[in-house]
Amino acid sequence: MKNKRREFIRNLGISGIAALSSPTVFSRFKSMSSLRVLVLGGTNFLGPAIVKSLLRGGHQVTLFNRGITNRHLFPNLKKIKGDREKGISGYSNLGNPNEDWDVVIDVWPQNPQLVKDAVHILKKRTTHYVFISSIAVYANYVKIGMDESSPRRKGTNYEPGHYNLNKVLCEKVVEEEFPDNFTILRPGAIVGDRDSGPFGTYVLNRLMNRTEILAPNANDPVQFIDAKDIGRFVNTCVAHSKKGYYNLVGPATKMGYKEMIVGAKETLKSPVKILWMDAEFLITEMKLEPFMQVPFWIPVASDPEPGFHQISNENAIKAGLTFTDYRETVKTSYESFKEKRFILEEGSELVFGISAKRENEIIAKWKGRS
Ligand SMILES: NC(=O)c1ccc[n+]([C@@H]2O[C@H](COP(=O)([O-])OP(=O)(O)OC[C@H]3O[C@@H](n4cnc5c(N)ncnc54)[C@H](OP(=O)(O)O)[C@@H]3O)[C@@H](O)[C@H]2O)c1
């Protein structure tokens, strides 16, 4: 179970609208401190949410990527082309030493060498480095209410695919190179627009496209965060120079699994019939794996790591983290799924949930019991 969940986080991690750059909006904010921000990435899942918030914040945003993913996004922004997989030479277009930035946002890597190279090029050209990490860095989730001082995974060697440790190694590069000027953000499961993860493509998809679904009759805590909320928080960190580590998990108020499912059903006005089944039946008789095969469900009473969905976000809330209303997140996530606004990473579709055939089998067995 433990490794499967880490594999799941790994797959989540790898897995990600119209540019808001109309001149009028931009100029209205120009009067406030408009910072020059370089976004490394910016066009898959979390990147667009960050870029949109920075533009709303009145900042001048430049994107650095290969110009392959979602090329249609942000047509009015300055885009510098480069391939970070090519090492230092991949940054040749960033070669103009006179060009510098108030803040650099490094959105996507899990390979510490990519971060090392970026830092090598940008160290003297920025005063604030923001890195998107993950709660995957934590050594375990046994404790409830884990804050940012919780122990991280141990290890020194980068291993392709070992997402959890790799993110720790990336964090260490940033800490070493920008000792007083870094912000490390550790999101939990990110949902919302452009999400290729299980919330839209599995949980909401089934709610809207099946006549009946199975669900554990349980209200164990769930945690997730809307990409929009991370985008807004990045803007807060940029505008107010917030440094340090921040767990980014939501929702705004504690939510249980059943509340999450029922809230989504009501928001989407879905006629689906939910068959609430005993956890015992699902886990022991049907051999279903919570979290992996029932995304977002962790039965805390029996789980060796009950803290996974009970991580503290106090530090981030104190620093200004705010939350999108859950109903809005549900609507955006389903719309994004329906309009296929997400990019499926190779192999990610196999990772979470169960097949329709398997679900029908379990439902038949459940009905057969009563
Ligand atoms: N999904 C979750 O639930 C979750 C949870 C916790 C943390 N996270 C973290 O959240 C972040 C999500 O990242 P994202 O994919 O949404 O970021 P993104 O910045 O929106 O998209 C990835 C960007 O990287 C660029 N890129 C890819 N390969 C490149 C290369 N070789 N050289 C230069 N640029 C390259 C892509 O553009 P081109 O292809 O055009 O180059 C694209 O702009 C990750 O750090 C992940 O670990 C995710």
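Further up the page is the structure itself.
Residues numbered from 1 in each chain as written. Predicted model: local features only at pLDDT ≥ 70, side-chain atom pairs only at ≥ 80, totals over all residues. Heavy atoms only, no water.

*Asks:* Sorry if this is basic, but what is going on with the sheet that holds strand E9 (residues 221–226) here?
*Replies:* Strand pairs in the sheet, formed through backbone hydrogen bonds, run parallel or antiparallel to each other. What the three strands build is an open sheet, ordered E7-E9-E11; its pairing is mixed. Each edge of the open sheet is held by one strand with a lone partner, namely strand E7 (190–191) and strand E11 (250–256). Running over the sheet, helix H7 (residues 227–239) touches E7 and E9 and is turned about 60° from E9. (Pairing = 2+ DSSP bridges. Helix = DSSP H or I, 4+ residues; strand = E, 2+ residues; numbered from the N terminus. Contact = heavy atoms within 4.5 Å. Axes fitted to C-alpha atoms, helices over the stretch in contact; angles between N-to-C directions.)

*Asks:* How should the sheet that holds strand E6 (residues 182–187) be read in this particular structure?
*Replies:* Pairing is parallel across the open sheet formed by seven strands, whose spatial order is E3-E2-E1-E4-E5-E6-E10. Each edge of the open sheet is held by one strand with a lone partner, namely strand E3 (78–81) and strand E10 (244–248). Between one strand axis and the next, the sheet turns through 20° on average, direction left out of account. Pairing geometry for E6 and E10, over five bridges, is parallel. In the sheet register, Arg-186 faces E10, and the bridge partner there is Asn-247. On top of the sheet, helix H5 (residues 163–177) reaches strand E5 (129–132), E6 and E10; it is set at about 175° to E5, its chief contact. Against the sheet, H7 engages strand E1 (36–40), strand E4 (103–106), E5, E6 and E10, with an angle of about 165° to E6.

*Asks:* Hey, could you run me through the site of the ligand in this one?
*Replies:* Around the ligand there are 32 residues in total, and Thr-43, Ile-68, Thr-69, Val-107 and Tyr-163 lie nearest to it. One of the side-chain nitrogen or oxygen atoms of Trp-108 is found 3.1 Å away from an oxygen atom of the ligand. The separation between an oxygen atom of the ligand and a polar side-chain atom of Lys-167 is 2.8 Å. The fraction of the free accessible surface of the ligand (920 Å²) that becomes covered by protein chains is 96%. Going through the elements one at a time, helix H1 (2–14), helix H3 (46–56) and H5 are the ones with two or more residues in the shell around the ligand. Looking at the shell around the ligand, the element that brings in the most residues is H3, giving three residues. Split by residue class, the shell around the ligand holds 12 nonpolar, 15 polar and five charged. (Near = heavy atom within 4 Å. Polar contact = N/O pair within 3.5 Å; in protein donor to acceptor, adjacent residues only side chain to side chain. Areas by Shrake-Rupley, 256 points an atom, 1.4 Å probe, with all protein chains shown as cover. Nonpolar A, V, L, I, M, F, W, Y, C, P; charged D, E, K, R; others polar.)

*Asks:* What is the right way to look at helix H11 (residues 326–338) in this model?
*Replies:* Turn by turn, an α-helix covers 3.6 residues, leaving residues three or four places apart pointing in a common direction. With 13 residues, H11 ought to run about 18 Å at 1.5 Å a step, and its terminal C-alpha atoms sit 18 Å apart, in line with that. The complete set of buried residues in H11 reads Tyr-326, Thr-329, Val-330, Thr-332, Ser-333, Tyr-334, Ser-336 and Phe-337. The inward-facing, buried residues of H11 contact E7, helix H6 (198–209), E9, H7, E11 and helix H8 (257–267). Positive phi appears at Lys-340, one or two residues downstream of H11, with a value of about 50°. (Expected span 1.5 Å × (residues − 1). Buried < 20%, exposed > 50% of the residue type's maximum accessible area, 1.4 Å probe, protein only.)

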